[in-house]
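So you can see what is in the structure, the chains are spelled out below.
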Amino acid sequence: MPLAIRETPMRALAWHGKEDIRCDEVSDPEILHERDAIVKVTSCAICGSDLHLFHNFIPAMLPGDIVGHEMMGEVVEVGRGTAGKLRKGERIVVPFTIFCGDCEQCRRGNFSVCERSNRNAALAEKAFGHATAGLFGYTHLTGGYPGGQAEYVRVPLADTTHIKVPDALTDEQALFLGDILPTGWQAAKQCEIEPSDTVAVWGCGPVGQMAIRSAMLQGARRVVAIDEIPERLGMAEACGAVAVDFSQESVAERLAELTDGKGPEKCIDAVGMENHVGLDQPDTLLDRAKQMTMLQTDRGHVLREMIRVCRPAGILSIPGVYGGLMDKVPIGLVMNKGLTIRAAQTHVTRWTDELLKIIEDGLLDPSFVITHTAPLEDGPEMYRTFRDKSDGCIKVVLKP
Ligand SMILES: NC(=O)c1ccc[n+]([C@@H]2O[C@H](COP(=O)([O-])OP(=O)(O)OC[C@H]3O[C@@H](n4cnc5c(N)ncnc54)[C@H](O)[C@@H]3O)[C@@H](O)[C@H]2O)c1
Ligand SMILES: [Zn+2]
Ligand SMILES: [Zn+2]
């Protein structure tokens, strides 16, 4: 049925300011350009990146912005420009990075820095020096495209911006191809893992869980998982990682002990700008004060710790999201220890063929991370449950 003759407006989760996500009635999306498609969302998820919006740490959000960037569903309308690439009725996962497929960056597989998909490129250039790709349900610096925590979503550049899903896979097995699975995979790829490597992963949220399993599949000798939430550490241990609870013991001492004093060769930051604040990590108190007075955007404890403990000539991989500025980064240690730092928003579709095969071959079923499934209307409450890590929450899937 064409969306236009539906009688009720659609529902979507919208941002209205700090800690204020509402389930609103909004206008249905429409085809605006010939390369657009409209997708009826069957499943969507809440991501750690949504929490940065929830806490108002990412600039350039506007009240009423529809959030959500991890979604999948059925194509219900297509523009003429998608002919031969995408058809009505097809089941797709929508990658969170919108990409054109033929600019210089896209041709190199650098989809999250597509040169054409950010409709607010001029604004982004002012903030970042260069525009990066358009993203769903995120800041206006990345195009301000309405997101997919909604009944329907418009997918711009849909002839390229999609991942077709085999019928044999459930929504739960396929959904995370749009974000956290390739994010964990890319985090491990950035480490160029060798069979002798110890890979330490800070943060055992959904991204950390995917990074831990990816590092194992990519052949790491040992993976160390760092967090303070027991069930998240337990989930990491269940697949063979060594768990370190940073609230109970010194991360630096434990990593030294596990590596004959040499430190892990590879370190992954799956925490980002909002690491835990506590007296046990005094630098975080100063960072928090600076964030509150807008002297910096990001808390740097995890990055500082990684720089200190990483083995010389090692690699630091940063999938965790940072917003802008951070103080007291020991760049002298990076330089003198010869460390390589690699970071990115995920180039999602660079990895998804490989990952689809891994899922189909039964090597990894990404649905293991889901702890909560709820209707879209419960979204505002589920944001809090996920943020507070209450009720054992690790990953929330919403059903519009
Ligand atoms: N690069 C990308 O494209 C991309 C994609 C998805 C998510 N992300 C980012 O990845 C990060 C993690 O996302 P998530 O969904 O797993 O979120 P999450 O908030 O559920 O997980 C973060 C975890 O870090 C832990 N943590 C806090 N302080 C810590 C510390 N000092 N040491 C170790 N662990 C600590 C928390 O307890 C929590 O379990 C976020 O910053 C998110 O924005 C990036
Ligand atoms: Zn995300
Ligand atoms: Zn492009």
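Residues numbered from 1 in each chain as written. Chains lettered and ligands numbered in written order. Predicted model: local features only at pLDDT ≥ 70, side-chain atom pairs only at ≥ 80, totals over all residues.

What follows deals with the overall build of the chain. Regarding its fold elements, the chain presents 13 helices and 18 strands. Taken against the 2.2 N^0.38 rule, which gives 21 Å for 400 residues, the C-alpha radius of gyration of the chain at 20 Å falls within 12% of a compact globule. C-alpha extents for the chain along the principal axes are approximately 65 × 50 × 45 Å. Of all 400 residues assigned to the chain, the portion counted as buried reaches 52%. Within the chain, counting contacts between residues at least 6 apart in sequence, those at least 24 apart form 71% of the total. (Helix = DSSP H or I, 4+ residues; strand = E, 2+ residues; numbered from the N terminus. Rg over C-alpha atoms; globule rule 2.2 N^0.38 Å. Buried ≥ 20, exposed ≤ 12 C-beta atoms within 10 Å, placed from the backbone. Contact = placed C-beta atoms within 7 Å.)

Surrounding ligand 1, one finds 33 residues, the nearest of these being G48, G203, G205, G272 and V321. For the shell around ligand 1, the elements supplying multiple residues, two or more each, are α1 (48–54), α5 (180–189), α6 (206–217), β12 (222–227) and α10 (301–309). For the shell around ligand 1, the element with the highest residue contribution is α1, accounting for 4 residues. Here the residues of the shell around ligand 1 are counted per class, giving 15 nonpolar, 14 polar and 4 charged. Shared between two domains, the shell around ligand 1 takes at least three residues from each, and those domains are domain 1 (3–179 + 347–399) and domain 2 (181–343). (Near = placed C-beta within 6 Å. Nonpolar A, V, L, I, M, F, W, Y, C, P; charged D, E, K, R; others polar. Domains from an automatic or database assignment.)

Time to look at α6. Helix length check: α6 (12 residues) gives 17 Å between terminal C-alpha atoms against 16 Å at 1.5 Å per residue, within 8%. Of all the 12 residues making up α6, 10 are buried; the element is thus mostly covered by neighbouring parts of the structure. Listed as buried for α6 are P206, V207, G208, Q209, M210, A211, I212, R213, S214 and A215. Elements that come into contact with the buried residues of α6 comprise α1, α5, β11 (198–202), β12, α7 (230–238) and β14 (266–269). Backbone geometry just after α6 places G219 at a positive phi near 100°. (Expected span 1.5 Å × (residues − 1).)

In this section: the pairing of strand β6 (residues 91–94). Bridge count between strand β5 (residues 71–78) and β6: 4 bridges; the pairing is antiparallel. Residue pairing for β6: G73 is matched across the bridge by I92. Of the pairings in the sheet, the one linking β6 to strand β10 (residues 163–164) comprises 2 bridges and is antiparallel in character. Bridge pairing links V93 to I163 in β10. (Pairing = 2+ DSSP bridges.)

Glancing now at the sheet that holds β11. Spatially, the 6 strands line up as an open sheet ordered β13-β12-β11-β14-β15-β16, and their pairing is parallel. If you trace the sheet from one side to the other, it starts and ends with β13 (242–245) and β16 (340–343), each paired once. On average, adjacent strands in this sheet sit at an angle of 20° to one another, irrespective of strand direction. Sheet analysis places β11 next to β12, joined by 5 bridges and oriented parallel. Each bridged residue has a counterpart across the sheet, and for A200 the counterpart in β12 is V224. (Axes fitted to C-alpha atoms, helices over the stretch in contact; angles between N-to-C directions.)

Next up on the list: the domain arrangement of the chain. Assigned domains of the chain: these are domain 1 (3–179 + 347–399) and domain 2 (181–343). A straight line from the C-alpha centre of domain 1 to that of domain 2 covers 26 Å. With 24 residues of domain 1 in contact, the opposing surface of domain 2 contributes 21 residues. Elements that contribute at least two residues to the side of domain 1 that touches domain 2 include exactly α1 and α12 (352–360). With 4 residues, the top contributor of residues to the side of domain 1 that touches domain 2 is α1. Counted by class, the side of domain 1 that touches domain 2 contains 14 nonpolar, 7 polar and 3 charged residues.

Here we come to the environment of K290. With respect to the secondary-structure elements, K290 resides in helix α9 (residues 282–292). Considered as a pair, K290 and K357 are 67 residues apart in the sequence and their alpha carbons are 45 Å apart. Setting aside chain neighbours within four positions, we find K290 in contact with L295, Q296 and D327.

One finds V39, V201, A211 and A225 to be the most contacted residues of the largest nonpolar core, which totals 113 residues. Here this core gathers at least three residues from each of two domains, domain 1 (3–179 + 347–399) and domain 2 (181–343). (Core = buried A, V, L, I, M, F, W, Y, C linked by C-beta atoms within 7 Å.)

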